[in-house]
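Commentary on secondary and tertiary structure
So you can see what is in the structure, the chains are spelled out below.
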Amino acid sequence: MKLTLKIWRQPDAATDGSMHTYDVDDVSEDMSFLEMLDVLNEQLNAKGEDPIAFDSDCREGICGMCGLMINGEAHGPVTTTTCQLHMRSFTDGETITIEPWRSDAFPVLKDLVVDRGAFDRIIQQGGYISVNTGSAPEAHSIQVPKDAADRAFDVATCIGCGACVAACPNGSASLFMGAKITHLGELPQGQAERDSRVVNMVAQHDHEGFGGCTNIGECTAACPKEIPLDVISQLNRDLRTALKHGH
Amino acid sequence: MTDMPDTTLTSDPSHDAPLHVDTDDAVDYYTPGSPIADTKAPTGPIDERWQTRKFEARLVNPANRRKLSIIIVGTGLAGASAAATLGEAGYVVKSFCYQDSPRRAHSIAAQGGINAAKNYKEDGDSVHRLFYDTVKGGDYRSRESNVYRLAEVSTNIIDQCVAQGVPFAREYGGLLDNRSFGGVQVSRTFYARGQTGQQLLIGAYQALERQVAAGTVTTYTRHEMLEVIVADGKARGIIARDMVTGEIQTHLADVVVLASGGYGNVFYLSTNAMGCNVTAAWRAHRKGAYMANPCYTQIHPTCIPVSGSHQSKLTLMSESLRNDGRIWVPKNKADCAKDPREIPEADRDYYLERIYPSFGNLVPRDIASRAAKYQCDDGRGVGPEVDGVRRGVYLDFADAIARLGRDAVEEKYGNLFDMYARITGENPYEVPMRIYPAVHYVMGGLWVDYDLQSSIPGLFVTGEANFSDHGANRLGASALMQGLADGYFVLPHTIRDYLADGPFEQVADDHPAVVEARASVEQRIEHYLTVNGTRSVDSYHRELGHIMWEYCGMERTEEGLKKAIDLIRSLKDDFNRNVKVLGTADSLNQSLEKAGRVADFFELGELMCIDALNRRESCGGHFRAESQTEDGEALRHDDQYAYVAAWEFAGDGEKPVLHKEDLVYTAIEMKQRSYK
């Protein structure tokens, strides 16, 4: 395959970026999208041009490190992570536009690399159960109904990639937050801090500059782990309850 | 007896009588050193040693903990759990990772589960049985005190993770479910569907972030440790590079913990993440930390094969596929490029069923892996030709689908089939899957004593980065157990004995050790950026990986290993003269990051080959062709090699020094395995 790539280049956070066009030949349909970029980078390196910076680590769809806007879609045309997208999803001669995540809360560091530290700071505000090492009771002293355990697991599969934010016209992180609030809220262990968790996480979310949710649903459509939209309903319910409780 | 004598080695089949072998394959490559021993494990009954050590390890007053600082490198299970726990205890913790968030460390990719001796199934499990299985699984090349402790604390891990909200699989009654894993006969594996590592890591990550909010832990993401500072004989800090700004930073502390993972990426292609590297461990090794058993590598038989020279990593599929899939290759080389469905039954070689009729497709990992290699080396591999060779064998579910029905197969393996289809573009319900072995885990690592302290005082090593618990081979679902055992329950107790000597004298920023460490980092960076050669870092890494895979992979020989050492040395020289790294030092520069890692992989690769050359026996994941039974099984030589090979760095261009730690078993008897 031969492809034309239009790629966002930006030297650093302080400098403006722009789109650049590259041709890449000898693309095999068995390559992953990131391997295609590896090939381009080898070509650029050989020509003495600075390779394109992009994030990736596990390259098996679980670490959440990779993430590109491909032709305007977060992680591209298939419901998966960028690393698990393969070139057979594209056609010979195609022009592909590649951009970093779009969100003010995820500033670009270089080219396609963004800073998602805001997600860590949201978790710091309550995305946990407070239990010091060694103070846990015997595991079987806590029974969890199977449906609650399964639901908790389903939403706990969030990989924190940020596609939900990148896809949202408002740049909201409600799906990310709702997934964590639902995961911990489904479990008996998570009840003690349920009210403070949602109030503090939402406050941090807003402080970071993420937008509000207007139930558009682009987030869940882009989510590679298919986190359902109703975690945002759970988030709103928990928030209302917490406020009623006087938080 | 299954241990048939090896004609090239000795004529004595007995493992009881000492053998006197006067050839040492590695004799020209190392200097013999004095023996070493672990001095921290208490003597006495094995089931009392950890209790004794916890009691004898000195305490640090809570008010004094605030004055003691700890650096932890790596945020996988072993690092994040330690950072959270030591933060909770009140120490001042700095946590470093090269990723953009601690949650991305590669523990996250572990699929299967985590072992614990809970005996919830009342099927005869116990701490002693988990201990026994782990030592046996490690082919009697691990230290028994450490393994016993691992089994002992395994139950606490499950309690802790459940309390954190880790959503383990449960039964309808609301209690935890278990499964049997890795060929053991009890059900002791706790799991969260096929994403156990992810859920455990998120649990540890959340505990870590809670401590960040509490002010006890500071995280340094996108920071890479490039040197350890050893001042006045003690580890006192690290030099790290801010990977966004390029700033070289000095971080000083009272103690340093490396939880920096394994080095499987020395093979270039592995199931490790792209960024996994040996630099933190190797830099410590060069400063005096012994590297133990570096040649012990685990190779997993059921990975998706390489599809072309562009390949950047390999993906593992659960071994459970071998329960129902049948492995074969064409009998005729001419059929290798054909559509497998058109190859008649009579022209297929179900080679595992043929060679090992009793175990068939379920032979152990290393045997299955080597058998696949032999078929492909023989020119009967299938799939795309990469560099002139087809490296793949069929794993065929046609019989299973005919016998059980497609629905039943989908129920059992649906997610794996989907993953395979996504990566290869082929439908495994219609066309046989193709599989090939891949490097998955390394049992070798920095040498540590019972306290997890390396041979540098004040430098502790946890998780895959150390060598201690898995011997020559690791059982399934035991990597997660070890990472969390070390971080939550072992290190926090042992490190306090060291810290009880504090407060320590401050190290000044202009201490010669700091100046030297910084200069070393700056010189290396300057060097890579100014070589201005013609070849990319990746091209060198790929070539190094080929050498390692070919000569220090599934099967190792004296001749091959010696050849590999020569090849690595000349490739390293070429790298230093001809590598091309663009960009600058003071910006985000991924080529520069990779250059430093690959440079360290060259040195590690050479040591791995020397270690493999020295160990002229087959054990666990290490297979020397010179040491096998008539059936092609691994043949151990306990009388000569029942030791940990701990290597000391002796300087650039100098031969490494070999220190041997004898392995003594008091609670368990050494046996030879058999799959007859």
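Because the structure is predicted, anything quoted here is derived from the model rather than measured. (Residues numbered from 1 in each chain as written. Chains lettered and ligands numbered in written order. Predicted model: local features only at pLDDT ≥ 70, side-chain atom pairs only at ≥ 80, totals over all residues.)

1. Some points on the overall build of chain B
When its secondary structure is counted, chain B shows 17 helices and 22 strands. For 676 residues, the compact-globule estimate of 2.2 N^0.38 gives 26 Å, and chain B sits close to it at 24 Å. Counting only C-alpha atoms, chain B reaches 75 × 65 × 55 Å along its principal axes. Here chain B holds 676 residues, and 59% of them are scored as buried. Counting only contacts in chain B whose residues sit at least 6 apart along the sequence, the fraction spanning at least 24 positions is 73%. (Helix = DSSP H or I, 4+ residues; strand = E, 2+ residues; numbered from the N terminus. Rg over C-alpha atoms; globule rule 2.2 N^0.38 Å. Buried ≥ 20, exposed ≤ 12 C-beta atoms within 10 Å, placed from the backbone. Contact = placed C-beta atoms within 7 Å.)

2. Some thoughts on helix 1 (residues 33-47) of chain A
Between the first and last C-alpha of helix 1 of chain A there are 22 Å, a value that for 15 residues agrees with the 21 Å anticipated at 1.5 Å per step. Of the surrounding secondary structure, the elements contacted by the buried residues of helix 1 of chain A are strand 1 (3-9) and strand 2 (18-24) of chain A together with helix 16 (590-614) of chain B. Just downstream of helix 1 of chain A lies A:Gly48, where phi reads positive at about 85°. (Expected span 1.5 Å × (residues − 1).)

3. Quick notes on the packing of helix 3 (residues 146-156) of chain A against helix 5 (residues 174-185) of chain A
All names here are of chain A. Where helix 3 meets helix 5, the closest approach of the two axes is 8 Å, and the angle between their N-to-C directions is 155°. Classified by the angle their axes make, helix 3 and helix 5 are roughly antiparallel. For the pair helix 3 and helix 5, the crossing hand works out as left-handed. Residues Ala152, Val155 and Ala156 of helix 3 lie in contact with helix 5, whose contacting residues are Ala179, Thr182 and His183. When its residues are assigned to classes, the contact of helix 3 with helix 5 shows four nonpolar, two polar and no charged. (Axes fitted to C-alpha atoms, helices over the stretch in contact; angles between N-to-C directions. Parallel < 35°, antiparallel > 145°, perpendicular 65-115°, else oblique. Left-handed = near helix turned anticlockwise from the far one by under 90°. Nonpolar A, V, L, I, M, F, W, Y, C, P; charged D, E, K, R; others polar.)

4. Brief notes about the pairing of strand 22 (residues 657-662) of chain B
Residue and element names in this part refer to chain B. Where strand 1 (residues 31-32) lies against strand 22, two bridges are found, and the strand directions are parallel. By the bridge assignment for strand 22, Thr31 is matched with Val657. As paired strands, strand 21 (residues 643-648) and strand 22 are joined by six bridges and run antiparallel to one another. Within strand 22, the position partnered with Ala646 by the bridge is His659. (Pairing = 2+ DSSP bridges.)

5. Observations regarding the sheet that holds strand 14 (residues 348-349) of chain B
All names here are of chain B. Strand order in the open sheet formed by five strands is 12-18-17-13-14, and the pairing between neighbours is antiparallel. The sheet terminates laterally at strand 12 (297-303) and strand 14, the two strands that pair on one side only. Alignment of strand 13 (residues 326-330) against strand 14, held across two bridges, turns out to be antiparallel. Following the sheet pairing, Pro330 is matched in strand 14 by Arg348.

6. Concerning the environment of B:Gln199
For B:Gln199, the position within the fold is in helix 6 (residues 196-214). Judged by local crowding, B:Gln199 falls into the buried class, with 26 C-beta atoms found within 10 Å. Through-space distance from the C-alpha of B:Gln199 to that of B:Gln375 is 38 Å; in sequence the pair is 176 residues apart. Setting aside residues up to four positions removed in sequence, B:Gln199 forms contacts with A:Ala156, B:Val166, B:Pro167 and B:Ala192.

7. So, the interface of chain A and chain B
At the junction of the two partners, chain A supplies 66 residues and chain B supplies 61 residues. Of all the secondary structure elements, the ones that give two or more residues to the side of chain A that touches chain B are helix 1, strand 6 (108-110), helix 2 (117-124), helix 3 and helix 5 of chain A. Its residues placed into classes, the side of chain A that touches chain B shows 27 nonpolar, 22 polar and 17 charged.

8. Re the sheet that holds strand 6 (residues 217-220) of chain B
Residues and elements named next belong to chain B. Strand order in the open sheet formed by five strands is 6-3-2-10-20, and the pairing between neighbours is parallel. Pairing within the sheet leaves two strands with one partner each, and these edge strands are strand 6 and strand 20 (459-461). Looking at each pair of strands side by side, their axes are set apart by 20° on average, direction ignored. Across five bridges, strand 2 (residues 69-73) lies against strand 3 (residues 92-96) in parallel orientation. Looking at the pairing, Ile71 lines up with Lys94 of strand 3.

9. Focus on the nonpolar core
A general feature of soluble globular proteins is that nonpolar side chains tend to end up buried together. One finds A:Cys164, B:Val257, B:Leu258 and B:Leu446 to be the most contacted residues of the largest nonpolar core, which totals 285 residues. Tallying contributions element by element places helix 16 of chain B first for this core, with 13 residues. Each residue touching A:Cys164, except ones within four places of it in the same chain, is listed here: A:Ala173, A:Leu175, A:Phe176, A:Cys219, A:Ala222 and A:Cys223. (Core = buried A, V, L, I, M, F, W, Y, C linked by C-beta atoms within 7 Å.)

10. So, the confidence of the model for chain B
Residues and elements named next belong to chain B. Of the residues in chain B, 96% have a pLDDT of 70 or more, and the chain-wide mean is 93. Low pLDDT, under 50, characterises residues 1-22; the predicted model gives this stretch 38 contacts beyond four residues in sequence or across chains. What the predictor reports for the complex is a pTM of 0.96 with an ipTM of 0.98. (pLDDT = per-residue confidence, 0-100.)

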